[in-house]
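# A look at the structure
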Amino acid sequence: MTDAPKHPPLAFSGMQPTNTLHLGNYLGALKNWVPLQAKMACLFCVVDMHALTDDAGYRKPGDVTRSTYEVAAAYIAGGIDPKRSPIFNQSRVPQHAELAWILNCVARVGWLDRMTQFKEKSGKHTERSSVGLYTYPVLMAADILVYKATHVPVGDDQKQHLELARDIAQKFNNDYAVPGYFPLPEPVITGPATRVMSLRDGVKKMSKSDESDNSRINLTDDADAIAQKIRRAKTDPHPLPNNQNEFKGRPEAENLINIYAALSDDTAEKVMRQFAGQQFSTFKNTLAELAVSKLAPITAEMRRLMADRAEIDRILKSGAEKAQSLAEPILADVKKIVGLVG
């Protein structure tokens, strides 16, 4: 029996180009991707094929195209260096879809039946949902494994999907007697605000699909909009808490403190000590100033990039070529392993 191969550290992550990216996407993902570039090789993908599982995206393909460019612009404006870390959209690298079919034949229906996100998105009428939405986690597994990625920066809502990717990798390795061929990717969850909540309801996650634009800060919002949304954010009549115990029953207070902590690179405990006892009106003014100082430069750079889509297209094309050079030999190996080629 041969020893399992050792895989060099490689991080893979991506975002769907559906609607506009918001503060939660920045604090929960993009902001944490930037320092990761100095620790290991990284690939950052705009997962446009995943966007087709959204009915609205499927009906309006032009929206997916526009959002793809916007998400790529956000990556660059947020600090991803395309010369160091390839940025590309998923559909330009056909090996993602090809490996997904092979992994569909490895994954088990029972595994997919347990995916809670499918149940949440499909609602009461699962039979009306697309097959793509059901098999979404298998394509996500292919996104990761086609590069033999070892680390995946992932939010809480995607942890179950990453566990499935690990299960699929392990079953492939076992079924075809290739120990360690695919690594079992590890989650990378960092930062004090990995789960940013709605500005209108502290128990709901900040979402691109929320009907209320005031529930989120979009990365395309100008300084005035950012400041207004924070000042109008739902709070309670009590002063800011002194410690974690005082958060009980106060989700909006906890959310705003976590946002401040993430933007300032401090801990929530330090922020509480700094502002304990103050009224929210004072704290929100300070938070608004901080948010504008951090986000306004990103917005400005996104607008500059979106005004020249040719520049983004060059970056996406170059990134796809680099990604494909990594994915192509791995898929060729997989085809040999499963017997599709001699």
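Residues numbered from 1 in each chain as written. Predicted model: local features only at pLDDT ≥ 70, side-chain atom pairs only at ≥ 80, totals over all residues. Heavy atoms only, no water.

Our next topic: the environment of Arg-216. With respect to the secondary-structure elements, Arg-216 resides in the loop between strand 5 (186–188) and helix 10 (223–231). Separated by 14 residues in sequence, Arg-216 and Ile-230 have C-alpha atoms that sit 9.1 Å apart. With sequence-adjacent residues up to four places away left out, Arg-216 is seen in contact with His-22, Leu-199, Met-206, Ser-207, Lys-208, Asp-210, Asp-221 and Lys-229. Engagement of the side chain of Arg-216 in a polar contact is seen with the backbone oxygen of Ser-212, the distance being 3.3 Å. (Helix = DSSP H or I, 4+ residues; strand = E, 2+ residues; numbered from the N terminus. Contact = heavy atoms within 4.5 Å. Polar contact = N/O pair within 3.5 Å; in protein donor to acceptor, adjacent residues only side chain to side chain.)

Let us now look at helix 14 (residues 309–338). Between its first and last C-alpha, helix 14 extends 41 Å over 30 residues, near the 44 Å set by a 1.5 Å rise per residue. The largest bend along helix 14 measures about 25° and falls at Gln-324. For helix 14, every residue scored as buried is listed here: Ile-312, Ile-315, Leu-316, Gly-319, Ala-320, Ala-323, Ala-327, Ile-330, Leu-331 and Val-334. (Expected span 1.5 Å × (residues − 1). Bend = angle between axes of the 7 residues up to and from the residue. Buried < 20%, exposed > 50% of the residue type's maximum accessible area, 1.4 Å probe, protein only.)

Taken as a whole, the second largest pocket spans an internal volume of roughly 260 Å³. Surrounding the second largest pocket, 13 residues form its lining, Met-49, Ala-100, Gly-132, Thr-135 and Leu-139 being those nearest its centre. Among the elements that take part in the lining of the second largest pocket, helix 8 (residues 131–145) stands out by supplying 5 residues, more than any other. Broken down by class, the residue content of the lining of the second largest pocket amounts to 8 nonpolar, 5 polar and no charged. (1 Å grid on protein atoms, 1.4 Å probe; cavity = no way out; pocket = protein on both sides within 12 Å on 5 of 7 lines; lining within 4 Å. Points joined across faces, edges and corners; volume = space filled by probe spheres on them. Nonpolar A, V, L, I, M, F, W, Y, C, P; charged D, E, K, R; others polar.)

Another aspect to go through is the pattern of salt bridges. Under the defined criterion, the tally for this structure stands at 15 salt bridges. Between Asp-265 and Lys-31 there is a salt bridge, and its shortest N-O distance comes to 2.5 Å. Of the two residues, Asp-265 sits in the loop between helix 11 (251–264) and helix 12 (268–275) while Lys-31 sits in helix 1 (residues 23–36), which places them 234 residues apart along the sequence. Overall, the relative accessible area of 56% leaves Asp-265 in the exposed class. (Salt bridge = Lys/Arg side-chain N within 4 Å of Asp/Glu carboxyl O.)

Another point: the pairing of strand 1 (residues 10–15). Of all 6 residues in strand 1, 5 are buried, a share of seventy percent or more. In terms of strand pairing, strand 1 meets strand 2 (residues 41–46) through 6 bridges, oriented parallel. When the bridges of strand 2 are listed, Gly-14 appears paired with Cys-45. A crossover links strand 1 with its parallel partner strand 2, the connecting element being helix 1, and its sense is right-handed. (Pairing = 2+ DSSP bridges. Right-handed = clockwise from strand over helix to strand, strands pointing away.)

Its place among the elements puts Val-292 in helix 13 (residues 280–306). Those residues in contact with Val-292 that sit more than four places away from it in its chain are Ala-223, Ile-226, Ala-227 and Pro-297.

Residues in a regular strand project their side chains so that they alternate between the two faces of the sheet. For strand 2, a buried count of 5 out of 6 residues is recorded, marking the element as mostly surrounded by other parts of the structure. When strand 2 meets strand 3 (residues 87–89), the two strands line up parallel, connected through 3 bridges. By the bridge assignment for strand 3, Phe-44 is matched with Ile-87.

Before going further, it helps to examine the packing of aromatic side chains. Across all of its chains, the model carries 12 aromatic pairs by this definition. Seen from their ring centres, Trp-33 and Phe-44 are 4.7 Å apart, and the 15° between their planes marks the pair as stacked. Of this pair, Trp-33 sits in helix 1 while Phe-44 sits in strand 2, and the two are 11 residues apart along the sequence. Take Trp-33: its relative accessible area is 1%, and that puts it in the buried class. Through a chain of ring-to-ring contacts, the aromatic side chains of Phe-172, Tyr-176, Tyr-181 and Phe-182 assemble into a single cluster. The ring of Tyr-181 has Lys-148 lying over it, and the distance from NZ or CZ to the ring centre is 3.7 Å. (Phe/Tyr/Trp six-rings, centres within 6.5 Å; stacked < 30°, edge-to-face > 60°. Lys NZ or Arg CZ within 6 Å of the ring centre and 35° of its normal.)

For the pair helix 5 (residues 95–104) and helix 8, interaxial distance at closest approach is 8 Å and the crossing angle is 120°. Taken as axis vectors, helix 5 and helix 8 run oblique relative to one another. The handedness of the crossing between helix 5 and helix 8 comes out as right-handed. Across the interface between the two elements, His-96, Leu-99, Ala-100, Leu-103 and Asn-104 from helix 5 touch Thr-135, Val-138, Leu-139, Ala-141, Ala-142, Asp-143 and Leu-145 from helix 8. The class makeup of the residues in the contact of helix 5 with helix 8 is 8 nonpolar, 3 polar and 1 charged. (Axes fitted to C-alpha atoms, helices over the stretch in contact; angles between N-to-C directions. Parallel < 35°, antiparallel > 145°, perpendicular 65-115°, else oblique. Left-handed = near helix turned anticlockwise from the far one by under 90°.)

Just geometry here; none of it tells us what the structure is for.
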